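Descriptive structure summary
Take a look at the letters that make up each chain.
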Amino acid sequence: MRLEGSLQLVLLVALTSTATGLNIPIEVEQPPTIITHTSGPIIALPFDNTITIRCKARGNPPPEYRWTKDGEDFVPPYIPTEHTDGTFMLHKEHLVSFRGKYRCYASNKLGTAMTEEIELRVPGDPKFPKELNFPILVMEGEPITLECNPPEGVAPRQIYWMSIGLQHIEQDERVSMGTDGNLYFSNALPNDTRLDYCCFAAFSTIRTIVQKTAMAVLVKSLKPGNESADSGSATQAPPVRIPGLLLPSGVQTEKVLLKGENLQLECIPQGYPTPTITWMKMGDKLPVRTQLDNFGKLLSISSVDESDGGKYMCKAQNSAGETVHYFDVIVEDLPKWETEPPQSQVTVIGSDVHIKCSVSGKPSPDITWRRNGELFRDDPGSSRRVLDDTVLLHNARAEDSAVYQCEASNIHGSVLANINIMVMNIAPRILTMDFQEYAVVLGGDIVMNCSVFSSPPPTISWVKDETLETIEGERFLAVSESLQIISAEKNDSGEYVCVASNKEGKSSVTAVLAVKDPTKIVHPPQDVQIISGTTAQLLCQAEFDKSLRGTFEVVWRKDSEEIPLSSEENSRYFVDDGMLQIMSVNLSDQGIYTCIARTSLDEDNATALLTVLDVPDAPKDVEVSELNSPRNVRLSWIPGSDHNSSVTEFIVEYEESQWEPGRWKELQKVPGNQATAELALQGHLNYQFRVYAVNAVGPGPPSEPIEGYKTPPAAPDRNPENIKIQGHLPHQMDISWEPLLPIEHNGPGLEYKVSYRKLDVDDVWREHLVKRHSFAVRNTSTFVPYEIKIQSRNSHGWGPDPKIVTGYSGEDVPTAAPRDIAVEVINTTVLRVSWTPAPPATVRGHLGGYDVHWLRKRSLLEPDKILDDRRSLSFPGKRTHAIVPGLEPFSEYRLTVNVFNKKGNGPNSDPVTFNTPEGVPEQVPILTASNAKKDSILLVWGPPRETNGVLTGYLLQHHLINETTLEVVDSQETNITGADTTQWHLQGLEEGSLYRFHLRACTRAGCGPPLAQESSTPGTTALPALLNISSYVSDTFAKISWTAREEQQDSELYVAYMNNRDGNWLVSEAVNASRSFHVIDGLKPGTVYTVRLMAKRLLDTASIFEDVIQTRVKAATGQRSNFSTQGWFIGTMCAVALLTLVVLMACFVRRNRGGKYAGTPPPPTQRQDMFFMEKVKAKEDLHPDAESQGENDDTFCEYSDSEEKKPLKASSLRSLTGDDALGDSISRDSMVDYADGEGEFNEDGSFIGEYCGRTHGGSVSEPSGPRPVTA
């Protein structure tokens, strides 16, 4: 084969070896080819209702079938309608008449094919013939042969010798069954006498057992002197008999068998004593496959071949002599093809055809030739010659086309081959489908087929796409008619054309190749250790070519076996998105897991080791052995499996039957690398022991308990512990202790000896024996130290010497108070108090500590107001001073100290009176900036709630802020000396600038924390003032109305409002000034709110106006309805409405005349008068103007005429999001809470902002949506 230019392939005609036919398209006329048939022999079983004999062939024209039986034509009695081939069926009835050898012939106009002979065997029911068996009488020592002669039947057949009671006849060297089924006795003994020797033949295939008539054997024993005697006489051993062979007979036997069969040679001896059998192969060793059975009497060699042939000898030998027998073993063979059956051929007209039938066998097979099923003999005068195993067709013609049969046979069997010879000239016919699609992964190998049938053989070439360029390169190989591509690349995708041609013509097909991305596991499973009973997860994620999604799957294997995945509820395996989950893992799940990600083209795999951790198995073989005494033993055991988690410790447990039977308790822990424990046991107990192991997973099951181990009684091993000495009464000492556990008694009669004496004095031990675990010593002095010891004893002796402990008798309350109380004021809220402790003897108990009590008598700001603020602190332990926090500045206090113990408090010390100094004030609660002018702003605040001293004034700082960077540009301070001052008109400011103000309240001790506020001075482009600003207030909403000038129609306004109780601001979204009103809803009834109107410019949002409003308390609807329906009420309301309209018109005229207020604010007296007039006017304005009334009718129809409408007051608002560099808080409280209305401000004729139908909030500088504002 060469690869230069185009890939040219020479056709190698493909033949099917099973049917020895041509692989040609069925469209081409061709002789029949047998493709399937029943192989013989066929054995008909009794439970088979039908026997089917099949014969099927292919050919064009379709073949016709005929059968022969034993060489004669045979017409099948029944052909199934579903079979269109030569298959027929035989029914159970009269099946015996159809025994014989069948042959099938398939014929069409081009020839006849035939099958080998198919033998049908119909075995009869196996039966033993009826016979009368006479008893067999033999002398002791003589041989016996019991013949079985089993019937023939369906193999396999098993022979048994038993009694009528189905007891097997015992076999040994003397008595045994031969392969022929007979029972042989090498010599008879008296105990062989019995009347029920039965032969059974079992046929397992047909589930049948048959029994031969029972046979009787009588063995006569010999008297001394070799005379026969009746039963009961004394016997002697039989005479010695020279060995002979019961089987086989003669001197030599010829054994012929086929190669591959099992050889069995049998020698069954007779003689007395029982001879032994030995085997040998003459001139050679016995084959290694030799096996001796049946007590050495049967030699077997499995699957014999020619080398096993030869002469074998068996020798029977005893003390009297020996005998031999020779076996001439001949291994022959069935006829078989030396290489393969002759192959069918397609050849051109005029060529020579050779058909050779090469067979082997022993003896050498005879070869018979047939043509179309008829005998084909040599004709020397013609061009068709039969030369032994070869047929020669010289200068073949089309009429030489036929089916030739070669049959080789010997005495053991035959083989048959049908050889189709087709002599023709035909153009190439490509068998491969056109546009066959092939797929291969990148880097893989692919073979594209181009199967061709033609005569003469074609020339095959491959070209790529429509370029007709020949395929070149080392990666492209010609394999038979196919094209193989090695290590496919992406650019190999495309169409390939296979062109086949000969002198008769040309044809071609196209193959389409697609190169796919390989499958690759990108996240392989990882080795994992998992605890038994939990869920194991193994992740396996792969990448693959998306066009193969329909064939992609992930398969899991455990230890090379596929894991069954099921959707059933009881399944423990689940796969989801490449994740294998194993529920309730157990030890059987441990192993190597392989993830296989595969498509129809390729696969990738990855493995992980799953290790299952479980608790250790129970230890085994627990044993106890005594050491130096019965109460010191060694426990040993054999550890169980640790299940992949090392044992950390062993726990030895015990159970005793006297005190707590059935309850197991821990006795000792042993390291995990140790399998023994030395135990110290208590006396007078009956023990059981068991052991369990612990690893990281947990404790394992315990071992089986060992039998009881009893210890003798003994004196106690220890004395009581945890001795407590307490004095519940002043003249009594209570002693208690932790008693010995019952198992620690070590014997009966346990009691305790209590001994005590005074400490540090010459005193004798006083002793008492008690059974309980407490004792009271009465009539003691108060709080006197004692020495105490307690010793245990039982009826077998005393415990060890006890330890001495020290305790005190009963306590009493202290009798003296601390002295020399001194107070040192550290600051306005903290002081240090010191004292001289009371004498220890007066404490009369264990010192608990000291209590400090103080009373705030009065505030120095209000000396005439008496207070009664009492507080105290306890300071445990022995000490002479303490720090007392939490005092109020500028106050007068009285302080006392007392000592205490467990019994109670001692008397108070003499009182000490002291004053705390002044402190700095709290932060001012509110700071507002309003009436912003080009160079001035009015600041208003409320005084601090707690001044902590005498208020001296305020410190005001104002900082000029860069509106872009928010950095401080300039700072100035102003000292305001008036303590009653609550507002300040700050002048000299820069026009259009942002300011931050910090205000602190001051006393003589200093200034308190600052409150911050921001505001801006208006510039030359300030927003023009709005007209006719008014508010309409109800219980849950407020409506703000205004009139915008023409130049204000497109301005954006913002409305902010604050609940004065919580101080949180809410800011509306931008409102167009042309809307003329805004509604604030969601308000709480009876609540004070601060409302501000703002315009946003750059980062500064200035407050143009501010007002304080209070929502109404909503009256009951029923009452309002009843009240408003009274006639007099309606008349009064009409009069009030008329009066209100007149007042409103007067105010409107006055306001238009006044215009916008400017310059310095009016004096306080004038402002107060104006505020008073505005309040009166607001109370009189019970109804809104006509325009607002119309809007209210649409939106607020549920509210009564109790709602209030009043003008808004101007103030300023700093930026709610401004930077507070000093960390000061922003003022949130309304001035109304502190100024009783005096903090209200004049109008300047403008008000902006509109509230929509829901509550809005947010930063003033960034009004992106409603949210709380915390400055």
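Residues numbered from 1 in each chain as written. Predicted model: local features only at pLDDT ≥ 70, side-chain atom pairs only at ≥ 80, totals over all residues. Heavy atoms only, no water.

This part covers the overall build of the protein. If you tally the helices and strands in the protein, you get 6 helices and 100 strands. Taking all 1271 residues of the protein together, 45% fall into the buried category. Of the contacts made within the protein by residues no fewer than 6 positions apart, 68% connect residues no fewer than 24 positions apart. Within the structure as shown, the protein displays about 63,700 Å² of accessible surface, and the carbon and sulfur contribution to it stands at 49%. (Helix = DSSP H or I, 4+ residues; strand = E, 2+ residues; numbered from the N terminus. Buried < 20%, exposed > 50% of the residue type's maximum accessible area, 1.4 Å probe, protein only. Contact = heavy atoms within 4.5 Å. Areas by Shrake-Rupley, 256 points an atom, 1.4 Å probe, with all protein chains shown as cover.)

Side chains that are nonpolar tend, in soluble globular proteins, to be buried together. Of all hydrophobic cores here, the largest spans 23 residues; its most connected members are Ile144, Leu146, Trp161, Leu183, Phe185 and Tyr197. When residues of this core are assigned to their parent elements, the largest contribution, 4 residues, is made by strand E19 (residues 194–203). Dropping the residues within four chain positions of it, isoleucine 144 is found in contact with Val138, Leu183, Tyr184, Phe185, Ala188, Val217, Val219 and Leu246. (Core = buried A, V, L, I, M, F, W, Y, C linked by side-chain atoms within 4.5 Å.)

Okay, unusual backbone geometry next. The omega torsion across tyrosine 272 and proline 273 is -5°, close enough to zero to call that bond cis. Among the secondary structure elements, proline 273 is positioned in the loop between strand E25 (268–272) and strand E26 (276–281). Residue proline 456 follows serine 455 across a cis peptide bond; omega there is 5°. Mapped onto the elements, proline 456 comes out in the loop between strand E43 (452–455) and strand E44 (459–464). Even without being a glycine, asparagine 294 presents a positive backbone phi close to 50°.

With the rule as written, the count across this model stands at 7 disulfides. Disulfide partner of cysteine 267: cysteine 314, at an S-S distance of 1.9 Å. Here the disulfide of cysteine 267 and cysteine 314 is left-handed, its torsion about the S-S bond being about -80°. With a gap of 47 residues between them, cysteine 267 in the loop between strand E24 (263–266) and E25 and cysteine 314 in strand E29 (residues 310–318) connect regions that are remote in the sequence. Across the pair, exposure class does not vary: cysteine 267 and cysteine 314 are buried alike. Across a sulfur-sulfur distance of 1.7 Å, cysteine 357 and cysteine 406 are joined as a disulfide pair. Here cysteine 357 and cysteine 406 share a disulfide; its torsion about the S-S bond, -80°, makes the bridge left-handed. Of this pair, cysteine 357 sits in the loop between strand E32 (353–356) and strand E33 (359–362) while cysteine 406 sits in strand E38 (residues 402–410); the two residues are 49 residues apart in sequence, bridging distant segments of the chain. Of the cysteine sulfurs around cysteine 198, a residue in no disulfide, the closest is that of cysteine 199, at 8.9 Å. (Disulfide = S-S within 2.5 Å.)

Here we take up the pattern of salt bridges. Pairing of side chains with opposite charge becomes possible as their charged atoms draw close. Per the counting criterion, the structure on display carries 42 salt bridges. One salt bridge in this structure joins arginine 475 and glutamate 489, with 3.6 Å as the shortest N-O distance. Highlighted residues: arginine 475 in the loop between strand E45 (469–470) and strand E46 (476–479) and glutamate 489 in the loop between strand E47 (482–485) and strand E48 (494–502), separated in sequence by 14 residues. We note a salt bridge from lysine 753 to glutamate 767, for which the minimum N-O separation is 4.0 Å. Here glutamate 767 lies in strand E70 (residues 766–770) and lysine 753 lies in strand E69 (residues 751–758), a separation of 14 residues in the sequence. Given a relative accessible area of 18%, lysine 753 falls into the buried group. (Salt bridge = Lys/Arg side-chain N within 4 Å of Asp/Glu carboxyl O.)

Adjacent strands of a sheet form backbone hydrogen bonds with each other and so pair up, either parallel or antiparallel. As summarised here, the arrangement of the 3 strands in space is E42-E47-E46, forming an open sheet in which the pairing is antiparallel. With partners counted over all chains shown, the strands left at the sheet margins are strand E42 (446–448) and E46, one partner each. Here the strands of the sheet are splayed against their neighbours by 25° on average, with no regard to which way each runs. Of the pairings in the sheet, the one linking E46 to E47 comprises 4 bridges and is antiparallel in character. Looking at E47, one finds that leucine 477 is bridged to glutamine 484. (Pairing = 2+ DSSP bridges. Axes fitted to C-alpha atoms, helices over the stretch in contact; angles between N-to-C directions.)

Moving on, we come to the packing of aromatic side chains. Here the structure, examined in full by the defined rule, presents 22 aromatic pairs. Aromatic side chains phenylalanine 74 and phenylalanine 88 sit 5.7 Å apart centroid to centroid with 55° between the ring planes, which places their arrangement in the tilted category. You can see phenylalanine 74 sitting in strand E9 (residues 72–74) and its partner phenylalanine 88 sitting in strand E10 (residues 88–91), a full 14 residues away along the chain. No difference in accessibility class separates phenylalanine 74 from phenylalanine 88, as the two residues are buried. Taken together, the ring pairs connect Trp67, Phe74, Phe88, Phe98 and Tyr102 into an aromatic cluster. Above the face of the phenylalanine 544 ring, lysine 546 is positioned so that its terminal group lies 4.7 Å from the ring centre. (Phe/Tyr/Trp six-rings, centres within 6.5 Å; stacked < 30°, edge-to-face > 60°. Lys NZ or Arg CZ within 6 Å of the ring centre and 35° of its normal.)

The next point concerns a nonpolar patch on the surface. A contiguous nonpolar surface patch, about 310 Å² in accessible area, is contributed by Leu137, Leu195 and Leu218. Mapped onto the fold, leucine 137 is located in strand E14 (residues 136–139). (Patch = residues over 30% accessible without salt bridge, like charges linked within 9 Å, V, L, I, M, F, W, Y side chains within 5 Å.)

A few words on the environment of cysteine 357. Among the residues examined, cysteine 357 registers a relative accessible area of 1% and is labelled buried. Expressed as a C-alpha distance, the spacing of cysteine 357 and alanine 408, which sit 51 residues apart in the sequence, is 8.4 Å. Those residues within four positions of cysteine 357 in sequence are excluded, and the remaining contacts are Trp337, Pro342, Ile367, Trp369, Asp389 and Cys406.

Once that is clear, we can look at the environment of phenylalanine 435. Positionally, phenylalanine 435 belongs in the loop between strand E40 (426–430) and strand E41 (436–441). Of the residues examined, phenylalanine 435 reaches a relative accessible area of 46% and is grouped as partly exposed. In this structure, the C-alpha to C-alpha distance between phenylalanine 435 and threonine 510, residues 75 residues apart in sequence, is 4.8 Å.

In this structure, serine 792 sits in strand E72 (residues 785–794). A polar atom in the side chain of serine 792 sits 2.7 Å from the backbone oxygen of arginine 718. Discounting chain neighbours no more than four positions away, the residues touching serine 792 are Pro716, Arg718, Asn719, Pro720, Leu740, Leu750, Glu751, Tyr752, Trp798 and Gly799. (Polar contact = N/O pair within 3.5 Å; in protein donor to acceptor, adjacent residues only side chain to side chain.)

This next bit is on the sheet that holds strand E58 (residues 591–598). Spatially, the 5 strands line up as an open sheet ordered E51-E59-E58-E54-E55, and their pairing is mixed. The open sheet has two edge strands with one neighbour each: strand E51 (528–531) and strand E55 (561–562). In the sheet, strand E54 (residues 553–558) pairs with E58 via 6 bridges, with the strands oriented antiparallel. Directly across from arginine 557, in E58, lies its bridge partner threonine 594.

Now for the pairing of strand E52 (residues 536–539). The alternating pattern of E52 places Ala536 and Leu538 on a buried face and Gln537 and Leu539 on a face that is not buried. Of the strand pairs in this sheet, E52 and strand E57 (residues 579–582) are connected by 4 bridges, and their pairing is antiparallel. In the sheet register, leucine 538 faces E57, and the bridge partner there is leucine 580.

Averaged over every residue, the pLDDT of the protein is 83; residues scoring 70 or more account for 84%. Predicted confidence in the protein is weakest over strand E2 (residues 15–16), with a mean pLDDT of 26, and strongest over strand E18 (residues 183–185), with 97. Taken together, the stretch residues 225–233 has pLDDT below 50 and engages in 10 contacts with residues farther than four places along the chain or on a different chain. Contacts for the low-pLDDT stretch residues 1153–1271, under 50 throughout, to residues beyond four places or in other chains number 342 contacts. (pLDDT = per-residue confidence, 0-100.)

On to a negative patch on the surface, then. Together, Asp869, Glu888, Glu922 and Glu946 give the surface a local cluster of negative charge. Since its relative accessible area comes to 35%, glutamate 888 is described here as partly exposed. (Lys, Arg positive; Asp, Glu negative; His and termini not counted. Charge placed at Lys NZ, Arg CZ, Asp CG, Glu CD.)

This part takes up the side chain of serine 401. By the element assignment, serine 401 lies in the loop between strand E37 (390–393) and E38. Looking at serine 401, its side chain comes within polar contact range of the main-chain nitrogen of valine 423, at 2.8 Å.

The next subject is the environment of isoleucine 330. Relative to the helices and strands, isoleucine 330 resides in strand E30 (residues 321–337). Residue isoleucine 330 is classed as partly exposed on the basis of its relative accessible area, which comes to 23%. Sequence separation of isoleucine 330 and leucine 257 is 73 residues, and the distance between their C-alpha atoms is 6.5 Å. When residues no more than four places from it in sequence are discounted, the contact partners of isoleucine 330 are Glu254, Lys255, Val256 and Leu257.

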